Amino acid sequence: MDITKYRQQLESEKKRLEGELAELSQTEESEVAFRDEIADRLEEQGEEAAGTDELKEELHQVKTALAKIEDETYGYCVICKQPIESERLDANPAATTCITHRDA
Ligand SMILES: [Zn+2]
């Protein structure tokens, strides 16, 4: 498994999420009305604006995955302890379950 590749993807994902969270907290007070408007518009289009909670959850998953790399436990399903398929990690480097247990 090419851990270096996933580590790089996770590091850049972490930066992106931290940046978005910082931006959201900056705009929180001054632009609530504006963001609501955008959220409404996105909802109408069938899309949901990523909320702070969602971003925090994603960031938590990314950090967990990075910690697993340090522990050398990265890439194993937390349920069946089998190695996670590489196509699954390619799609989501922060995945902690294999394809079989993805909804668990
Ligand atoms: Zn599994």
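For every chain, the first residue of its written sequence is number 1, and the numbers climb from 1 along that sequence. A pLDDT threshold of at least 70 governs which residues receive local features in this predicted model, and a stricter bar of 80 or more applies before side-chain atom pairs are shown or counted, although totals over entire chains, interfaces and linings include all residues. Side-chain calculation: all heavy atoms of the structure are included, whereas hydrogens and water are not.

**Concerning unusual backbone geometry**
Move 1: Positioned with a positive phi, E72 is a non-glycine residue whose angle comes to about 60°.
Move 2: Each helix is a run of H or I in the DSSP string that is no shorter than four residues. Each strand is a run of E no shorter than two, and both are numbered from the N terminus. Summarising the element assignment, E72 is placed in the loop between α3 (52-71) and α4 (86-91).
Move 3: Relative accessibility thresholds used throughout: buried, under 20% of the residue-type maximum; exposed, over 50%; partly exposed, between the two (1.4 Å probe, protein chains only). For E72, a relative accessible area of 71% corresponds to the exposed category.
Move 4: Despite not being glycine, K81 shows a phi value in the positive range, around 65°.
Move 5: Looking at K81, the relative accessible area reads 58%, which means it is exposed.

**Here we look at the side chain of T97**
Move 1: Locating T97 in the fold gives a position in the segment after α4.
Move 2: Accessibility expressed as a relative area gives 7% for T97, which makes it buried.
Move 3: A polar side-chain atom of T97 sits 3.4 Å from the main-chain carbonyl oxygen of H101.
Move 4: Residues are treated as being in contact if the distance between any of their heavy atoms lies within 4.5 Å. Those residues in contact with T97 that sit more than four places away from it in its chain are C77, V78, I79, I84, R88 and R102. The term polar contact refers here to a pair of N or O atoms within 3.5 Å; inside protein, the definition further demands a hydrogen-donor-capable atom paired with an acceptor-capable atom, and it admits residues adjacent in sequence only when both atoms are side-chain atoms.

**A look at the nonpolar core**
Move 1: Definition of nonpolar core: a set of buried residues of the types Ala, Val, Leu, Ile, Met, Phe, Trp, Tyr and Cys, connected through side-chain atoms within 4.5 Å. Ranked by size, the top nonpolar core spans 18 residues in total, and within it L10, V62, Y74 and L89 carry the most contacts.
Move 2: Listing elements by their share of this core, those giving two or more residues are α1 (3-30) and α3.
Move 3: For this core, the element with the highest residue contribution is α3, accounting for 6 residues.
Move 4: If sequence neighbours within four positions are ignored, L89 has contacts with M1, Y6, Q9, Y74, G75, I84 and A95.

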